[in-house]
Amino acid sequence: MSSELVYGLFTPECFDVFFTQHDFLNEVCLKLFISKVLSIAIMVGSLIIKVPQILKIYPSGNVAGLSGAMFVLETIGYTIVGAYSFRQAFPFSTYGENVFMILQNWLIVFLVYYYRKAIGAKFIIGSVLYFAGTVAMLNGSLVTVEIMAALQMSTIPIFAASRLPQIWQNFRNGHTGKLALITVFLAWAGSCARTFTTLQEVDDQLVLIGYLSGMALNGVLLLQIMWYWSATNKALAAAEQKRRQ
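The model shown is predicted, which means the values in this text are computed figures rather than measured ones.

Enquirer: Would you take a moment to explain unusual backbone geometry for this structure?
Expert: For residues besides glycine, phi is generally negative; the peptide bonds are generally trans as well. The phi torsion at A89 lies on the positive side, around 60°, for a residue other than glycine. Assessed through its relative accessible area of 63%, A89 is described here as exposed. Even without being glycine, K117 reaches a positive phi, approximately 55°. According to the relative accessible area criterion, K117 is exposed, its value standing at 77%.

Pasting the structure below:
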C-alpha cells in the first residue's frame, strides 16, 4: 500500500475502499484506520500525560513515595525509543509521544531532585552526558544502526528497571505516595494502544516487545495504586499534618 495518507488517516487504497466502494468493514483498512486514530489520540494524550504527576509535586513541594530512578530511567528509555524510531524512518505518529514525554519527564526529574536538595555536580554531569548521548544517537555517523538496535533492545530492561524500584518502594511503604493515578493509567492505556499500532504499522519485534513489557509493568503500578488507595490517603494526610507542625 502507498505510504501517502489522505487526511492523515487513510492510505489512498483504503480511502477508495471506504468512500468509493463503501466497504466499511474491510478488515485490513479498518485496522489501519483504528491504528491511525489511536496514534493521534496517543500523541495528543502525551502532551499532558505527565501533567497530573507534575501538579501533585509542584504545589506541595512533596515528593514522598516517588522513585527518582524511575523517572531518570524512563527518560533514557523514551530517548532511545525515539532516536531508534527516527533512525528507522518510522512514521512520526508511531513514536512521537516519546518526544513530549521526554520533556515532561525532565521537569519531573528536576522537581524530584530539587525538592530533595540533590541538584549538584552529579546531576549536572549526568544531564550533560544525557544530551551528548542523545545527539550521538541521532547522528548515523556516530552511532551505527547495529548499535541502535542493541540500544533499542536495552530499553526492555531499562523500562523494567525504571518501574521495579517504584513497584518495590510502593510494596515496602505499603502505599503509593505522590504517584498520580491519572498519569499511570494513561501510561498503561498508551502502552496497550501502542502495542496495537505497532502490530499494524511497524514490523519490528524489538519495538513490540518494549511496548508489551511497558504494558505489563504499568499494569502492576496501576493495580498497586488501587490496592493501596486507602493506605495512601492516610499516609499523605499524616505527612501533611507533620509538615504543618
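This is not the end of the story, as more comes after the structure.
Enquirer: Hey, could you run me through the nonpolar core in this one?
Expert: Here is a general trend for soluble globular proteins: nonpolar side chains tend to be buried in one another's company. Y78, Y84, F90, M137, M148 and V207 are the most contacted members of the largest nonpolar core, which has 22 residues in total. No other element matches helix 4 (residues 68-87), which puts five residues into this core.

Enquirer: It is not clear to me how a nonpolar patch on the surface should be interpreted in this structure. Could you clarify?
Expert: Together, I40, V44, L47, I48, V51 and L55 line one region of the surface with nonpolar side chains, adding up to about 530 Å² of accessible area. Mapped by element, the contributors of at least two residues to the nonpolar patch are helix 2 (27-46) and helix 3 (51-57). With respect to the secondary-structure elements, L55 resides in helix 3.

Enquirer: Whenever I open this one, the environment of G65 confuses me. Can you help?
Expert: By the element assignment, G65 lies in the loop between helix 3 and helix 4. Sequence separation between G65 and N173 is 108 residues; the distance between their C-alpha atoms is 7.7 Å. Every residue in contact with G65, bar those within four places of it in the chain, is listed here: Q166, Q169, N170, N173, T176 and G177.

Enquirer: Please clarify how the packing of helix 8 (residues 181-201) against helix 9 (residues 205-227) should be interpreted in this entry.
Expert: In a pair of packed helices, the angle between the axes and the distance between the axes together describe the arrangement. Between helix 8 and helix 9, the shortest axis-to-axis distance is 8 Å and the interhelical angle comes to 155°. In this view, helix 8 runs roughly antiparallel relative to helix 9, as classed from their interaxial angle. Where helix 8 crosses over helix 9, the two elements pack in a sense that is left-handed. Facing L181, V184, F185, A187, W188, S191, C192, R194, T195, T198 and L199 of helix 8, the residues of helix 9 in contact are V207, L208, Y211, L212, G214, M215, N218, G219, L221, L222 and I225. Its residues assigned to classes, the contact of helix 8 with helix 9 comprises 15 nonpolar, six polar and one charged.

Enquirer: Is there a simple way to think about the packing of aromatic side chains in this case?
Expert: Aromatic ring pairs are defined here through the distance separating the ring centres and the angle between the ring planes. Counted according to the given criterion, the structure contains 21 aromatic pairs. Ring geometry for F18 against F24: centres 6.1 Å apart, planes inclined by 15°, an arrangement best described as stacked. We classify F24 as partly exposed; its relative accessible area is 46%. By the ring-pair criterion, three or more aromatic residues cluster together here, those being F10, F15, F18, F19, F24 and F33.

Enquirer: Sorry, what's going on with the pattern of salt bridges here?
Expert: Pairs may arise between side chains of opposite charge once their charged atoms sit close together. Scanning the entire structure with this criterion turns up four salt bridges. Among the ionic pairs, R163 bridges to E74, the shortest N-O distance being 2.7 Å. Of the two residues, R163 sits in helix 7 (residues 145-173) while E74 sits in helix 4, which places them 89 residues apart along the sequence. Judged on exposure class, the residue R163 and its partner E74 are both buried. Between E97 and R194 there is a salt bridge; the shortest N-O distance is 2.8 Å. Taken together, the residues E97 in helix 5 (residues 97-115) and R194 in helix 8 connect sequence positions 97 residues apart. Summarising the burial analysis for this pair, E97 and R194 share the class buried. Salt bridges sharing partners connect three or more residues here, namely K50, E74 and R163.

Parameters and conventions
Residues numbered from 1 in each chain as written. Predicted model: local features only at pLDDT ≥ 70, side-chain atom pairs only at ≥ 80, totals over all residues. Heavy atoms only, no water. Buried < 20%, exposed > 50% of the residue type's maximum accessible area, 1.4 Å probe, protein only. Core = buried A, V, L, I, M, F, W, Y, C linked by side-chain atoms within 4.5 Å. Helix = DSSP H or I, 4+ residues; strand = E, 2+ residues; numbered from the N terminus. Patch = residues over 30% accessible without salt bridge, like charges linked within 9 Å, V, L, I, M, F, W, Y side chains within 5 Å. Areas by Shrake-Rupley, 256 points an atom, 1.4 Å probe, with all protein chains shown as cover. Salt bridge = Lys/Arg side-chain N within 4 Å of Asp/Glu carboxyl O. Contact = heavy atoms within 4.5 Å. Axes fitted to C-alpha atoms, helices over the stretch in contact; angles between N-to-C directions. Parallel < 35°, antiparallel > 145°, perpendicular 65-115°, else oblique. Left-handed = near helix turned anticlockwise from the far one by under 90°. Nonpolar A, V, L, I, M, F, W, Y, C, P; charged D, E, K, R; others polar. Phe/Tyr/Trp six-rings, centres within 6.5 Å; stacked < 30°, edge-to-face > 60°.

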